[in-house]
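So you can see what is in the structure, the chains are spelled out below.
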Amino acid sequence: MANEMRGPLPVKVDATSNGEFCPVPLTNHVARANREAERRIGEHAKRVGLGRRAFLQSLCGAATTLLTLHEAFAALGNTGGLFRLPKESAFETAAAKALAGDEFIFDVQTHMVDPAGAWRRSAGRYWEQILANFPQGSCGGDDPVDCFSAEKFIKHVFLDSDTELAVLSFVPELPENNPLSLEEANRVRVLVDRMEGANRLFLHAMVVPNAGPEVAPLQLMKDAVDRYPIAAWKCYTQWGPEGSGFELDSPEVGIPFIERARELGVRNICIHKGLLFPGFPEEFGRCADVGRAAALYPDMNFIIYHSGYEAGTTEGAYDLANATRGVDTLIKSVETNGIARNANVYAELGSTWRFVMRDPTTAAHLLGKLLKHIGEDNVLWGTDSIWYGSPQDQIQAFRSFQIAPALIEAHGYPELTPSLKQKVFGLNGARVYGVDVPERRRKTEIDPIGTRKQAYRKVADPTFETYGPKTDSEYDALIAERGGLPA
């Protein structure tokens, strides 16, 4: 495995983790491709008469990076998926227009941190450790945790990307130790919506159903709904404060949780599956219980974060006989429990799409079988930003990505047409969260973020940085500071 490149690229294919899994180093081949892209960007910037920084921010900078990666993958025969762009897009903005778009983009998994929250007194200051390589003040102040603040969230997600709506989610932690409290999340929601009421930001409520009676998780659910406009619940079935997880259909934990969600009228349940936490029982992090719970509660929506993907695994065509890991466990659970395509189980792509950008054949199989088996209406766009900085590079990579015709023919995968990508980017999520897309877009054009964005584009200053742990030592420091718990 190779070291990372030295300079930032506009499409960030690197080893950064969201803190929930150990970083997986790039292969030597991908690392070399990054270095070649870095070299070409300097060369191409001179060719078109732009400074390096200006070229990095252009569509041609992203196109140069994606074309270089595509060439590197093709040289290895990794051609099940491809970043399809004309060669001229590396120099000509008009040729790179495929990387721009007007899709409605609804990111159903984003994160931020409250730099002034109580968690820093109770849960440690591990952010400083994993960001030790950032120069002091790089995020606008002396405190490196400012990289994850509300202002940085707004900049990365809404200004530096084409994202229009987002869901603000939570990491696995009890309320007193969580780096983001519901109070702060709601403050940011109000901040984003402070004038014209575009309602750009939706709130999760974090639930730890397997916490002890002293936590009273079901009462906390009611308290959350009474105080805040909760759009969905978030839970981690592999995680628990006592070191073990739970199953969604367990009579003692899972069923009472779902019943309370149903009773409170919030019918979207977002469940972390895949991206397994080291040190916790793996069976609770896989998807066998998803189909069983969905069959019991057809009126509830089960949104499977990360789609069950396990970092570092190679995804091929769905294989029922060997569906023991990764996305196949989700498909098997849904199909063996009689859940129809486009029913009440959804596959979300946060961290998953970003990770498989480094392996286009895995990416093609993963997307293809989710769209085929879970349903074209039930795959949801998510990015896990701001752990990865701005999600714009993930958006651009998805815009250019295609499944190879040979895989489409062999496995019955759908072609990634513009209309299908529009569904994944936002129309599917809009349906789940009850968003009237035309009406919402009219508002987002004139709300404070929309007007600020129009002005910002003239002086845009994206960073191309990522903020999660990138090495084993950074991840180990993160875990140690959290007492053995994943971020």
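In what follows, the structure referred to is the one given above.
Residues numbered from 1 in each chain as written. Predicted model: local features only at pLDDT ≥ 70, side-chain atom pairs only at ≥ 80, totals over all residues. Heavy atoms only, no water.

Draft legend 1. Spotlight on the overall build of the protein. The helix and strand tally for the protein stands at 19 helices and ten strands. The buried share of the protein, taken over its 487 residues, is 62%. In the structure as shown, the protein presents an accessible area of about 18000 Å², 51% of it carried by carbon and sulfur atoms. (Helix = DSSP H or I, 4+ residues; strand = E, 2+ residues; numbered from the N terminus. Buried < 20%, exposed > 50% of the residue type's maximum accessible area, 1.4 Å probe, protein only. Areas by Shrake-Rupley, 256 points an atom, 1.4 Å probe, with all protein chains shown as cover.)

Draft legend 2. Representation of the nonpolar core. One finds W233, I269, F302, L330 and W353 to be the most contacted residues of the largest nonpolar core, which totals 84 residues. When residues no more than four places from it in sequence are discounted, the contact partners of L330 are C287, V290, I304, S307, V345, A347, L370 and I374. (Core = buried A, V, L, I, M, F, W, Y, C linked by side-chain atoms within 4.5 Å. Contact = heavy atoms within 4.5 Å.)

Draft legend 3. Summary view of the packing of aromatic side chains. Tallied over the full model, the rule gives 15 aromatic pairs. Between W353 and F401, the ring centres sit 5.3 Å apart and the planes meet at 70°, which makes this aromatic pair edge-to-face. Taken together, the positions of W353 in helix α12 (residues 352-356) and F401 in strand β10 (residues 401-403) put the pair 48 residues apart, joining distant regions of the chain. A relative accessible area of 0% places W353 in the buried class. A centroid spacing of 5.1 Å and a plane angle of 85° characterise the contact between F398 and F425, whose relative ring orientation is edge-to-face. (Phe/Tyr/Trp six-rings, centres within 6.5 Å; stacked < 30°, edge-to-face > 60°.)

Draft legend 4. Representation of the sheet that holds strand β3 (residues 165-168). Judged by pairing direction, the sheet is parallel, and its eight strands sit side by side in the order β2-β3-β4-β5-β6-β7-β8-β9 without closing on themselves. Where the open sheet ends on each side, the last strands, each with one partner, are β2 (106-110) and β9 (379-380). Pairing analysis gives three bridges linking β2 to β3, with the strands arranged parallel. Bridging across to β3, D107 finds its partner in A166. (Pairing = 2+ DSSP bridges.)

Draft legend 5. The pairing of β3, seen in detail. Every second residue of β3 is oriented toward a common face, with L165 and V167 on one face and A166 and L168 on the other, all of them buried. Bridge analysis of β3 against strand β4 (residues 201-206) gives three bridges, and the strand direction is parallel. Bridge pairing links A166 to L201 in β4.

Draft legend 6. Spatial organisation of the pattern of salt bridges. According to the stated counting rule, one finds 28 salt bridges in the structure shown. Across the pair R200 and D447 runs a salt bridge, and its minimum N-O distance is 2.7 Å. Note that R200 is positioned in the loop between α7 (182-192) and β4 and D447 in the loop between α17 (437-444) and α18 (448-456), a separation of 247 residues in sequence. On the basis of relative accessible area, R200 is assigned to the buried category, the value being 4%. (Salt bridge = Lys/Arg side-chain N within 4 Å of Asp/Glu carboxyl O.)

Draft legend 7. Structural context of the packing of helix α3 (residues 59-75) against helix α14 (residues 392-400). Interaxial distance between α3 and α14 falls to 11 Å at its minimum, and their mutual angle equals 65°. Judged by the twist between their axes, the crossing of α3 over α14 is right-handed. Within the contact between the two elements, α3 uses L59, A62 and L66 and α14 uses Q396, A397 and S400. Grouping the amino acids of the contact of α3 with α14 by side-chain chemistry returns four nonpolar, two polar and no charged. (Axes fitted to C-alpha atoms, helices over the stretch in contact; angles between N-to-C directions. Left-handed = near helix turned anticlockwise from the far one by under 90°. Nonpolar A, V, L, I, M, F, W, Y, C, P; charged D, E, K, R; others polar.)

Draft legend 8. Spotlight on the environment of R40. Here R40 shows up in helix α1 (residues 28-48). Remark: the alpha-carbon pair of R40 and T65, spanning 25 residues in sequence, is separated by 8.4 Å. If we skip the residues at most four places from it in the chain, R40 touches T64, T68 and E71.

Draft legend 9. A look at unusual backbone geometry. For the bond from S385 to I386, the omega torsion is 25°, close enough to zero to count as cis. Even without being a glycine, D384 presents a positive backbone phi close to 65°. One can find D384 in the loop between β9 and α14. Residue D384 is classed as buried on the basis of its relative accessible area, which comes to 0%.

Draft legend 10. Up close: the state of the cysteines. The full count for this structure, using the stated rule, is zero disulfides. Looking at C235, it has no disulfide partner, and the nearest cysteine sulfur is the one in C270, 8.6 Å off. (Disulfide = S-S within 2.5 Å.)

Draft legend 11. Spotlight on the side chain of R440. As for its placement among the helices and strands, R440 is situated in helix α17. Side-chain polar atoms of R440 contact the backbone oxygen of N199, separated by 2.8 Å. (Polar contact = N/O pair within 3.5 Å; in protein donor to acceptor, adjacent residues only side chain to side chain.)

Draft legend 12. Focus on the environment of G254. Its location among the elements puts G254 in helix α9 (residues 254-264). The exposure class assigned to G254 is buried, which follows from its relative accessible area of 0%. Separated by 35 residues in the primary sequence, G254 and D289 place their C-alpha atoms 9.8 Å from one another. Ignoring any residue separated from it by four or fewer positions in sequence, one finds G254 in contact with F246, E247 and L248.

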